[in-house]
Amino acid sequence: MKTRITELFGIQHPIIQGGMHYVGFAELAAAVSNAGGLGIITGLTQRTPELLANEIRRCKELTSQPFGVNLTFLPTVTSPDYPGYIRAILDAGIKAVETAGNNPQKWLPALHEAGVKVIHKCTSVRHALKAQAIGCDAVSVDGFECGGHPGEDDVPNFILLPRAADELKIPFVASGGMADGRSLVAALALGAEGMNMGTRFIATQEAPVHENVKAAIVAASELDTRLVMRPLRNTERVLTNAAVERLLEKEKSLGAALKFEHILDEVAGVYPRIMKEGAMDAGAWSCGMVAGLIKDVPTVKALIDRIMAEAESLIHQRLARFAAA
């Protein structure tokens with residue numbers, strides 16, 4: 001299946017594994033790339049540029065296929081060593097970077113000069129148009145369904161994707177609610193050139209997270225996510241647990257007086273405890289509504305092969321039947 005996304009990144013299938021904190025390690029990225037998609041290492045999970053360089057080397061030992069690095073530009077007081085991370089990416093010869101968070105414009109010249117293709121995560125058409133204007137090569141359009149930060153506009157993908165298709169000239173992938181061949185065909189029909197999956201890739205054999213995390217996703221329905229930090233305009237979609245319900249109760253009781261420090265216990269530094277130790281009530285962790293569509297924990301290759309077979313069948317059999325009629 002050739003699309004502008006497969007051609008841009010030199011991959012076989014139009015499927016990207018999004019950057020995920022304490023999930024996007026070399027094992028998962030390599031498995032996705034070996035299966036024909038674009039695997040992504042999460043840059044800031046590696047605490048220093050040196051550690052990122054090591055993780056990239058580790059990934060290269062596991063795959064000879066293209067893979068990328070996610071770099072999230074955070075609005076923090078003490079900024080990560082972004083020049084160091086960019087240098088590690090360029091020194092390693094990485095050709096695909098997924099950016100997220102703040103505007104990546106200042107980093108684009110160095111990346112483009114090295115032949116890197118940049119895909120920026122956007123939760124609205126206006127942000128996607130800005131990404132196009134500053135020179136990003138592609139965008140990932142994240143609908144309201146997505147795990148993590150869906151923005152503040154609350155527009156689901158059935159509206160957001162065709163709106164993006166109407167406005168954008170650069171290729172884009174659909175993100176949020178993507179799980180199977182139906183997702184891929186729907187995304188293509190709505191104007192995307194592929195899809196980005198996050199939560200679905202956590203529930204795979206190669207995802208280097210605790211088995212409790214995978215079991216929680218399989219057990220969850222589409223009704224089991226919550227939106228936290230809305231009053232702080234930093235909305236995040238997470239899987240519900242005791243800590244999340246406690247956090248929501250604080251938001252409700254404190255109202256307009258809520259500050260980030262009030263919820264630190266539920267959101268700060270919880271990912272290692274959840275993803276590595278399997279402490280499922282330790283805090284809030286990103287999970288999409290797509291959990292309702294996830295019923296198994298296959299290998300990455302089995303998952304991607306299944307998605308592509310289902311997509312081909314839908315296009316050539318079910319949809320073709322309607323056209324013939």
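Placed above this text is the structure.
Treat the numbers as computed from the prediction; the structure is a model and nothing was measured.

**Q** I'm lost on the overall build of the protein chain in this one. Help?
**A** Looking only at helices and strands, one finds 14 helices and 10 strands in the protein chain. Its C-alpha radius of gyration of 19 Å places the protein chain within 12% of the 20 Å reference for a compact globule of 325 residues. Projected onto the principal axes, the alpha-carbon positions of the protein chain cover approximately 60 × 50 × 40 Å. Here the protein chain holds 325 residues, and 53% of them are scored as buried. Sequence separation of at least 24 residues holds for 61% of the intrachain contacts in the protein chain that already meet a minimum separation of 6. Of the roughly 14000 Å² that the protein chain leaves accessible, carbon and sulfur atoms contribute 54%.

**Q** Whenever I open this one, the environment of Ile-89 confuses me. Can you help?
**A** Within the element layout of this structure, Ile-89 appears in helix 4 (residues 82–91). With 37 residues separating them along the chain, Ile-89 and Arg-126 place their C-alpha atoms 28 Å apart.

**Q** Whenever I open this one, the side chain of Glu-266 confuses me. Can you help?
**A** Inspection of the secondary structure assignment puts Glu-266 in helix 12 (residues 264–267). Beyond its immediate chain neighbours, meaning those up to four positions away, Glu-266 contacts Ala-243, Arg-246, Leu-247, Lys-250, Gly-283 and Ala-284.

**Q** How do you make sense of the packing of helix 6 (residues 125–134) against helix 7 (residues 157–167) when you look at a structure like this?
**A** The axes of two packed helices give the description: the angle between them and the distance between them. The N-to-C vectors of helix 6 and helix 7 enclose an angle of 35 degrees; their axes lie 10 Å apart at closest approach. Relative to helix 7, the crossing made by helix 6 is right-handed. Taking contact as the criterion, the partners of Val-125, Leu-129 and Gln-132 in helix 6 are, on helix 7, Leu-160, Arg-163, Ala-164 and Glu-167. Residue classes in the contact of helix 6 with helix 7 are distributed as four nonpolar, one polar and two charged.

**Q** Looking at this structure, I do not really get the nonpolar core. What am I missing?
**A** Of all hydrophobic cores here, the largest spans 87 residues; its most connected members are Val-139, Phe-201, Val-213, Ile-217 and Trp-285. Ranked by the residues each element gives to this core, the list is headed by helix 14 (residues 300–324), at seven residues. The residues contacting Val-213, other than those within four sequence positions of it, are Ile-202, Ile-274, Met-275, Met-280 and Trp-285. Listed in part, the 10 residues of the second largest apolar core include Ile-11, Ile-16, Leu-38 and Ala-96.

**Q** I tried to follow the environment of Asp-224 on my own but got confused; where do I start?
**A** Secondary-structure assignment places Asp-224 in the loop between helix 10 (211–219) and strand 9 (225–228). For Asp-224 and Lys-2, which are 222 residues apart along the polypeptide, the C-alpha to C-alpha distance reads 35 Å.

**Q** How should I be thinking about the pairing of strand 2 (residues 39–42) in this particular structure?
**A** As a general feature of sheets, a regular strand has side chains that alternate between the two faces. The alternating pattern of strand 2 places Gly-39 and Ile-41 and Ile-40 and Thr-42 on opposite faces, both of which are buried. Note: strand 2 against strand 3 (residues 67–73), four bridges, orientation parallel. Counted as the bridge partner of Ile-40 is Gly-68 from strand 3. Handedness of the strand 2-helix 3 (residues 49–62)-strand 3 crossover: right-handed.

**Q** Looking at this model, I keep getting lost on the environment of Leu-38. Mind explaining?
**A** With respect to the secondary-structure elements, Leu-38 resides in the loop between helix 2 (26–34) and strand 2. A sequence separation of 20 residues divides Leu-38 from Gly-18, and the C-alpha atoms of the two residues are 8.8 Å apart.

**Q** Would you mind going over a nonpolar patch on the surface with me for this structure?
**A** On the surface, Ile-315, Leu-319 and Phe-322 cluster together into a nonpolar patch covering about 250 Å² of accessible area. Secondary-structure assignment places Ile-315 in helix 14.

**Q** Hey, could you run me through helix 6 in this one?
**A** In an α-helix, one turn spans 3.6 residues, which is why side chains three or four residues apart end up on the same side. When we look at burial in helix 6, the residues that qualify are Val-125, Ala-128, Ala-131 and Ile-134. If you follow the buried residues of helix 6, they end up packed against helix 5 (108–113), strand 5 (117–122), strand 6 (138–142) and helix 7. Looking one or two places after helix 6, you find Gly-135, whose phi comes out positive at around 110 degrees.

**Q** What's the story with the pattern of salt bridges in this structure? I'm lost.
**A** For side chains bearing opposite charge, pairing can occur when the charged atoms are close. In the structure shown here, the tally under the stated rule is 17 salt bridges. Measuring nitrogen to oxygen at the nearest pair gives 2.7 Å for the salt bridge that ties Arg-126 to Asp-153. Of the two residues, Arg-126 is situated in helix 6 and Asp-153 in the loop between strand 6 and helix 7; the sequence distance between them amounts to 27 residues. Where Arg-230 meets Glu-152, a salt bridge forms, and the shortest distance between an N and an O atom there is 3.7 Å. Taken together, the residues Arg-230 in the loop between strand 9 and strand 10 (236–239) and Glu-152 in the loop between strand 6 and helix 7 connect sequence positions 78 residues apart. The exposure class assigned to Glu-152 is partly exposed, which follows from its relative accessible area of 26%.

**Q** I'm lost on the packing of helix 2 against helix 3 in this one. Help?
**A** Packing of helix 2 against helix 3 leaves a shortest axis separation of 9 Å and a crossing angle of 40 degrees. Note that helix 2 runs across helix 3; the crossing there is right-handed. Note on element contacts: helix 3 touches helix 2 through Glu-55, Arg-58, Cys-59 and Leu-62, opposite Ala-26, Glu-27, Ala-29, Ala-30 and Asn-34. Of the residues assigned to the contact of helix 2 with helix 3, the class counts are five nonpolar, one polar and three charged.

**Q** For this particular structure, what's the right way to read unusual backbone geometry?
**A** Outside of glycine, negative phi angles account for most residues, and trans bonds account for most peptide bonds. A positive phi angle, close to 60 degrees, is found at Tyr-22, a residue other than glycine. Tracing the backbone through its elements, the reader meets Tyr-22 in the loop between strand 1 (15–17) and helix 2. For Tyr-22, a relative accessible area of 14% gives the class buried. Located in the positive-phi region is Met-229, a residue other than glycine, with phi close to 65 degrees.

The rules behind the values
- Residues numbered from 1 in each chain as written.
- Predicted model: local features only at pLDDT ≥ 70, side-chain atom pairs only at ≥ 80, totals over all residues.
- Heavy atoms only, no water.
- Helix = DSSP H or I, 4+ residues; strand = E, 2+ residues; numbered from the N terminus.
- Rg over C-alpha atoms; globule rule 2.2 N^0.38 Å.
- Buried < 20%, exposed > 50% of the residue type's maximum accessible area, 1.4 Å probe, protein only.
- Contact = heavy atoms within 4.5 Å.
- Areas by Shrake-Rupley, 256 points an atom, 1.4 Å probe, with all protein chains shown as cover.
- Axes fitted to C-alpha atoms, helices over the stretch in contact; angles between N-to-C directions.
- Left-handed = near helix turned anticlockwise from the far one by under 90°.
- Nonpolar A, V, L, I, M, F, W, Y, C, P; charged D, E, K, R; others polar.
- Core = buried A, V, L, I, M, F, W, Y, C linked by side-chain atoms within 4.5 Å.
- Pairing = 2+ DSSP bridges.
- Right-handed = clockwise from strand over helix to strand, strands pointing away.
- Patch = residues over 30% accessible without salt bridge, like charges linked within 9 Å, V, L, I, M, F, W, Y side chains within 5 Å.
- Salt bridge = Lys/Arg side-chain N within 4 Å of Asp/Glu carboxyl O.

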